[in-house]
Amino acid sequence: MDLADRSALEEIRTFVPGVIKAISLAIKVLIGEGAMTFLVPGNLPIGCSAKYLTLFKCPSKEDYDENGCIKWLNDFSVYHNKFLQKELAVLREEYPSVKIIYADYYNVSMKFYQSPELLRFTSGALKACCGGKGPYSVNQSVECGSVDAIVCEDPSTYVSWDGVHLTEVAYKFLANGLMQENNQFFFPENDIIITTTTDGNQAL
């Protein structure tokens, strides 16, 4: 990471408390309006995003982790997520009757980048399906949707659609992972539907 990037990162970090405060205030407003259940997403590992990998290409291999993601950008995501989780813990104490669930986007989606082949992302996790030329298929002058954009043949083998957004398959994996991690929230025991069959037996 060069001095310019390091300086920018330190400046961006100063915005985090204000961003978290804004999220917290929004939740409080919604609670005031009667909302009782929240699913609050954390930040994704932005250092693995094809867009950011292109914008912040680093000259040193030490700036990248074993998955090919930029470490200092992912460190920022972790920094943001820790602040958010601390604030959600405060809100839970303040509003004990309200369900406030943290959606761990970071750790669930990191599985894409740690084991892409295992999850059938055979075209890799760091390249975009739709975009322009470049090591990550992202080009500032040729963005996805433009006339000269190149689109892959099979989006289901990619994690990233356009360098920022995930593909449909990746979003599905992310959603399933979050549901599994928060199983009791999505499928509470008291919500199990019991039906009666024609022979009088009960079936779940």
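The coordinates are above.
Within each chain, residues carry numbers counting from 1 in the order of the written sequence. Local features in a predicted model are, by the rule used here, given only for residues with pLDDT of at least 70; side-chain atom pairs are given and counted only at 80 or more, and totals for whole chains, interfaces and linings are based on all residues. With hydrogens and water excluded, all non-hydrogen atoms of the structure serve as input to the side-chain values.

Caption draft 1: Spotlight on the overall build of the protein chain. Secondary structure follows DSSP: runs of H or I at least 4 residues long count as helices, runs of E at least 2 residues long count as strands, and numbering of each begins at the N terminus. Each helix and strand counted, the protein chain has seven helices and six strands in total. Moving toward the C terminus, one meets the helices and strands of the protein chain in the order α-α-β-α-α-β-α-β-β-α-α-β-β. Throughout, exposure labels follow a simple rule: accessible area from a 1.4 Å probe, protein chains only, divided by the maximum for the residue type, with under 20% read as buried, over 50% as exposed, and the rest as partly exposed. For the protein chain, the proportion of its 204 residues judged to be buried stands at 36%. Residues count as neighbours in contact if any of their non-hydrogen atoms are within 4.5 Å of one another. Considering only residue pairs separated by 6 or more positions, the protein chain has 62% of its internal contacts joining residues 24 or more positions apart. Summed over all atoms, the accessible surface of the protein chain reaches about 12,500 Å², with 55% contributed by carbon and sulfur. Residue exposure ignores everything except the shown protein chains as possible cover, and the areas themselves are Shrake-Rupley values with a 1.4 Å probe.

Caption draft 2: Structural context of the layout of surface pockets. Put simply, the grid is 1 Å and covers the protein atoms alone, a cavity is a trapped set of points that fit a 1.4 Å probe, a pocket is an open set with protein on both sides within 12 Å along at least five of seven lines, and lining residues have an atom within 4 Å of a point. Grid points are joined across faces, edges and corners, and a volume is the space filled by probe spheres set on the points. What the largest pocket holds in volume is close to 200 Å³. In this structure, the largest pocket is lined by 17 residues; those nearest its centre are Leu44, Ser49, Tyr113, Val164 and Leu166. Of all the secondary-structure elements, those providing two or more residues to the lining of the largest pocket are helix H3 (50-55) and helix H5 (105-114). Ranked by residue count, the leading element in the lining of the largest pocket is H5, at three residues.

Caption draft 3: Molecular detail of the environment of serine 109. Mapped onto the elements of the fold, serine 109 is located in helix H5. In this structure serine 109 comes out as buried when scored by relative accessible area, which is 1%. Between the C-alpha atom of serine 109 and that of proline 45, which follows or precedes it by 64 residues, the distance is 7.5 Å. Counted as a polar contact is a pair of N or O atoms within 3.5 Å, where, for protein atoms, one must be capable of donating a hydrogen and the other of accepting one, and residues adjacent in sequence contribute only when both atoms are in side chains. Reaching out from serine 109, the side chain makes a polar contact with the backbone oxygen of tyrosine 105 at a distance of 2.6 Å.

Caption draft 4: Geometry of the pairing of strand S1 (residues 37-41). The two faces of S1 differ: Phe38 and Val40 on one face are buried, but Thr37, Leu39 and Pro41 on the other face are not. Pairing analysis gives five bridges linking S1 to strand S2 (residues 99-103), with the strands arranged parallel. Following the sheet pairing, valine 40 is matched in S2 by tyrosine 102. Two strands pair under a simple rule: DSSP has to find at least two bridges between them.

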